[in-house]
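Residues per chain are reported as follows:
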Amino acid sequence: MNFSPKQHLRIGNYIKYVDEILKKCDKGIEYCKICPNEFVCSELEKDDFGLRGTTISDILTAIHFALNKIPGYINPDKRKELKDHIKSYINESPLHEREIWEDGIMAILLDDKLANPMYKPIPKIGKVRTLLTYNSKISFSTCIQSAFLKNISTSQDTTVVLPEGIFSHCIEVANQFIRSKHVDRIDQSTTNRIKYLLEVGVTEIISGCNIQNAELPAAVCYYAMVTKQPIPGNIVVTGGMDEQGKTIPSKSLDDAIEVVSRELHFIEKIIVAKNSPISIPVPNKMRIFEVDNFEQTIDIIQKKRDLC
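Since the model is a prediction, treat every value here as computed from it, not as a measurement.

### Quick word on the pairing of strand S3 (residues 138-148)
- Counting buried positions along S3 gives nine out of eleven residues, so the element sits mostly inside the fold.
- In this structure, strand S2 (residues 127-134) lies alongside S3, joined through eight bridges in antiparallel fashion. Looking across to S3, one finds that Tyr134 is bridged to Ile138.
- Between S2 and S3, which follow one another and run antiparallel, lie three residues, and Asn135 among them has a positive phi close to 50°.
- Taken together, the five bridges between S3 and strand S5 (residues 194-198) define a ladder with antiparallel strand orientation. Residue pairing across strands places Ala147 opposite Lys195, the latter belonging to S5.

### What to know about the environment of Met118
- Relative to the helices and strands, Met118 resides in the loop between helix H6 (112-115) and strand S1 (124-125).
- Owing to a relative accessible area of 62%, Met118 belongs among the exposed residues under this scheme.
- Between the C-alpha atom of Met118 and that of His265, which follows or precedes it by 147 residues, the distance is 9.9 Å.

### Here's the deal with the nonpolar core
- Counting residues in each nonpolar core, the largest one holds 44 residues, and the members touching the most others are Ile144, Phe167, Tyr196, Tyr222, Val237, Ile271 and Phe294.
- For this core, the secondary-structure elements that each account for two or more residues are S2, S3, helix H7 (168-181), S5, helix H9 (215-227), strand S7 (235-238), strand S11 (287-291) and helix H11 (294-301).
- Among the elements that make up this core, the one with the highest residue count is H9 (ten residues).
- Sequence-distant contacts of Ile144, that is, excluding residues within four places in its chain, are made with Gly126, Lys127, Val128, Thr130, Phe167, Tyr196, Leu197, Leu198, Ala214, Pro217, Ala218 and Cys221.

The rules behind the values
- Residues numbered from 1 in each chain as written.
- Predicted model: local features only at pLDDT ≥ 70, side-chain atom pairs only at ≥ 80, totals over all residues.
- Heavy atoms only, no water.
- Buried < 20%, exposed > 50% of the residue type's maximum accessible area, 1.4 Å probe, protein only.
- Helix = DSSP H or I, 4+ residues; strand = E, 2+ residues; numbered from the N terminus.
- Pairing = 2+ DSSP bridges.
- Core = buried A, V, L, I, M, F, W, Y, C linked by side-chain atoms within 4.5 Å.
- Contact = heavy atoms within 4.5 Å.

The following block contains the structure:
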């Protein structure tokens, strides 16, 4: 089962969405050169791109939205590819719109976030990026966050609140570690009021995901929230964890690593459970850290340990 374009848009595979919409429309662009602003591609009506229409203006609006959502740096080759490809659509848009698209879409591809290789998201307390796989086939990245019940927004249109107690053993592992390092940091009366949230607004997707791979990052989030230590934005954490704090390997991470390489060029460290199989090349600026347990994970995040 493959994700529809609209689902890629919802789970954060924004470049994948833009690539799919451009590929789908390429045949229709030739027709638009004859009949400007007519339907770019009738096939768009059959597929779930989340579009209101299929004119060039509709397509450029969708692309503009997706590019705005890309979380960080795009390498120069990909940025040029997108710029040249999208430029061909702008050139066929209605004359009175072209300057607007030039100022909008082209500016996004050149702004500090997408064009600056030194860009990094702001560190967050109690929030870390993780990797999930839907139906054992489609990998994507999302942020997992821990929060007290009173701090959770009532708006659920952009988040999924995970079932109560799903990561209870993760909280206990983190508490044991905190007690060994920070005896006075835990208020036991608050630990039963913790909720976990994912930045994905599609509950049916989450129900088909390998939530076990979010156990290690869930423990990291709780630890960071209680100790009030921000988690760097250039880190991804993924993997299961047992009740003793030992990590459980993921079955396969190749597709997930590809997602990081394509969508998250600001990521420099990926922390995974030891013995998780990875068979694809990893970009030079990115390092994979294998961990045996929760403590090693915290040491790497806090730069107290440099494991290979």
